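Summary of the model geometry
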Amino acid sequence: NIASGTSEQTKVVVDAGALPIFCRLLMSVNDDVREQAVWALGNIAGDSPTYRNQVLQEQAMVPLLQQLSENSKLSMLRNAAWALSNFIRGKPQPNFDLVRPALPTLAQLIYSPDDDVLTDACWALSYLS
């Protein structure tokens, strides 16, 4: 994925203006494109609280949550749950108003039969405390 790598490499991707592009790609009609965008945004958000906040300020949360539907394939559910945990992780904590929309989705994900999805949902909830 283009956004996986060192913090310096992530900085180059963010500085090149990729965040709004990745956010738009979350709405692609192509499942694989959406999954790559989820992965990229999860990597960027997981790099640092600064980048996490930038991802949230780009309004990535709601389109990410839309990837966590019952109709999504398992790889998307796993990637999106992991990305969601990165959207919430880190100190200082993100602005609660930006992560509040995730609460109903997290409430559903804790019943997931998939261990990976469940684990990331639980981590995300723990980051909110």
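Quick look at the structure, then. (Residues numbered from 1 in each chain as written. Predicted model: local features only at pLDDT ≥ 70, side-chain atom pairs only at ≥ 80, totals over all residues. Heavy atoms only, no water.)

1. Re the packing of aromatic side chains
- Counted according to the given criterion, the structure contains one aromatic pair.
- Judged by centre distance (5.8 Å) and plane angle (25 degrees), the ring pair of W123 and Y127 falls under stacked. Placement of the pair is W123 and Y127 together in helix α9 (residues 115-127), with a separation of four residues, close to one helical turn.
- For W123, a relative accessible area of 47% gives the class partly exposed. (Phe/Tyr/Trp six-rings, centres within 6.5 Å; stacked < 30°, edge-to-face > 60°. Helix = DSSP H or I, 4+ residues; strand = E, 2+ residues; numbered from the N terminus. Buried < 20%, exposed > 50% of the residue type's maximum accessible area, 1.4 Å probe, protein only.)

2. Comments concerning the environment of A37
- If you trace the backbone, A37 turns up in helix α3 (residues 31-47).
- Considering only alpha carbons, one finds A37 and C23, 14 residues apart in sequence, at a separation of 7.2 Å.
- If sequence neighbours within four positions are ignored, A37 has contacts with F22, L25 and L26. (Contact = heavy atoms within 4.5 Å.)

3. Observations concerning the pattern of salt bridges
- Counted under the stated rule, the structure contains seven salt bridges.
- Taking the shortest distance from any N to any O, the salt bridge between D31 and R34 comes out at 2.5 Å. Of the two residues, D31 and R34 both sit in helix α3, three residues apart, roughly one turn of that helix.
- Accessibility expressed as a relative area gives 17% for R34, which makes it buried.
- The salt bridge partner of K73 is D32, with a shortest N-O separation of 3.3 Å. (Salt bridge = Lys/Arg side-chain N within 4 Å of Asp/Glu carboxyl O.)

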